[in-house]
Amino acid sequence: MKTLGIIGGMGPMATVDLMRKIILSTDAKSDQEHIHMLVDCNTQVPDRTAAIEGRGESPVKEMLKSAKLLESQGADVIVIACNTAHYFLDEFKDKVHVPIINMVDETVKYCVDSGYSEVGLLCTIGTKNTGLYQKACDKFNLKLIVPDDEEIKAIQDMIYSGVKANNFDYDTSAVKTVISNMTNRGAQAFILGCTETPIAVQMYNLEGNFIDSSQVLANKAIEAVGARLIKN
């Protein structure tokens, strides 16, 4: 079995959530049948959304440092526990000599394979502005319904003022309205396009037909290192 490297810290809870999903989705009957994971929970990676909007430092230097550290420690495959960070992947992936799984592409492929023709996107402003999911959906002929400016402010506030702040009492009524409105606009399911939105779903008991991008990544990581995936 190969060794998996995880570029984490964006944020720390999203990193732990990805690890948990990998462990729970691996068909293993002993410690030795689980995946050897190397994790760099690098909390010093500059904020991705701020960088994309031109009001913050680029995260590339720290992300590359994490990738090279994982590679030097023996990682055969690398994943990034952050959707928005994939905007910067092309800037450093050629400087690393092991494959890096693209969470965005794999999530869109999963939507297509699941038979969806129109999906909504719950994400940060940074992820929306990059067009990451729009480009991937165009590539696979999937219609993407994105939040408008006010809707995405509600989603982002839930992530920053709710999840990142460990605020379990956060009022999600605005986000629930966003989900309802996007459903009325044709969304058959919702891509959780920020690795902290699955955590929000659990923390606040949000209801909807959700596609968890970090779960898709976890499944692909399990297969990539040669472990057995639990079949649902």
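Residues numbered from 1 in each chain as written. Predicted model: local features only at pLDDT ≥ 70, side-chain atom pairs only at ≥ 80, totals over all residues. Heavy atoms only, no water.

### Quick look at the sheet that holds strand S4 (residues 118-122)
Part 1: Across the sheet, 4 strands lie side by side as S5-S4-S6-S7; this open sheet has parallel pairing. Because the sheet does not close on itself, it has two edges, and the strands there are strand S5 (143-145) and strand S7 (210-212). With strand direction ignored, the average angle separating the axes of adjacent strands in the sheet is 35°.
Part 2: Sheet strands touched by helix H9 (residues 197-204): S4, strand S6 (190-192) and S7. Its angle to S6, the strand with the most contacts, is close to 105°. (Pairing = 2+ DSSP bridges. Helix = DSSP H or I, 4+ residues; strand = E, 2+ residues; numbered from the N terminus. Axes fitted to C-alpha atoms, helices over the stretch in contact; angles between N-to-C directions. Contact = heavy atoms within 4.5 Å.)

### Description of the nonpolar core
Nonpolar side chains in soluble globular proteins tend to be buried together.
Part 1: One finds Leu122, Met158, Phe190, Tyr204, Leu206 and Phe210 to be the most contacted residues of the largest nonpolar core, which totals 24 residues.
Part 2: Elements with a contribution of two residues or more to this core: helix H7 (149-163), helix H8 (173-184), S6 and H9.
Part 3: Excluding its chain neighbours within four sequence positions, the residues that come into contact with Tyr204 are Met158, Gly162, Val163, Asn167, Phe168, Tyr170 and Thr172.
Part 4: With 21 residues, the next largest nonpolar core counts Ile7, Met10, Ile78 and Ile100 among its residues. (Core = buried A, V, L, I, M, F, W, Y, C linked by side-chain atoms within 4.5 Å. Buried < 20%, exposed > 50% of the residue type's maximum accessible area, 1.4 Å probe, protein only.)

### Examining unusual backbone geometry
Part 1: Residue Gly11 is bonded to the preceding Met10 through a cis peptide linkage, with omega at -5°.
Part 2: You can see Gly11 is positioned in the loop between strand S1 (4-8) and helix H1 (12-25).
Part 3: Even without a glycine there, the phi angle at Asn166 is positive, about 55°.
Part 4: Its place among the elements puts Asn166 in the loop between H7 and H8.
Part 5: One non-glycine residue, Asn205, lies in positive phi territory at about 55°.
Part 6: Residue classification places Asn205 among the exposed positions, given a relative accessible area of 62%.

### Looking at the environment of Asn209
Part 1: Mapped onto the elements, Asn209 comes out in the loop between H9 and S7.
Part 2: The partly exposed category is assigned to Asn209, whose relative accessible area is 36%.
Part 3: Residues Asn209 and Gly120 lie 89 residues apart in sequence; the distance between their C-alpha atoms is 10.0 Å.
Part 4: Within polar-contact distance, the side chain of Asn209 engages the side chain of Tyr116 at 3.2 Å. (Polar contact = N/O pair within 3.5 Å; in protein donor to acceptor, adjacent residues only side chain to side chain.)

### Let's talk about the packing of H1 against helix H10 (residues 213-224)
Part 1: The geometry of H1 relative to H10 is characterised by a closest axis approach of 9 Å and an angle of 50° between their N-to-C directions. Considered as vectors, H1 and H10 are oriented oblique to each other. As H1 runs across H10, the sense of the crossing is right-handed. Across the interface between the two elements, Asp17, Leu18, Lys21, Ile22 and Ser25 of H1 pack against Ser214, Gln215, Leu217, Ala218, Asn219, Ala221 and Ile222 of H10.
Part 2: Each residue belonging to the contact of H1 with H10 can be placed in one class, and the counts come to 6 nonpolar, 4 polar and 2 charged. (Parallel < 35°, antiparallel > 145°, perpendicular 65-115°, else oblique. Left-handed = near helix turned anticlockwise from the far one by under 90°. Nonpolar A, V, L, I, M, F, W, Y, C, P; charged D, E, K, R; others polar.)

### Examining the side chain of Thr130
Part 1: With respect to the helices and strands, the residue Thr130 is situated in helix H5 (residues 125-130).
Part 2: Of note is the side chain of Thr130, whose polar atom sits 3.1 Å from the backbone nitrogen of Leu132.
Part 3: Those residues in contact with Thr130 that lie beyond four places of it in its chain are Ile52, Tyr87 and Lys135.

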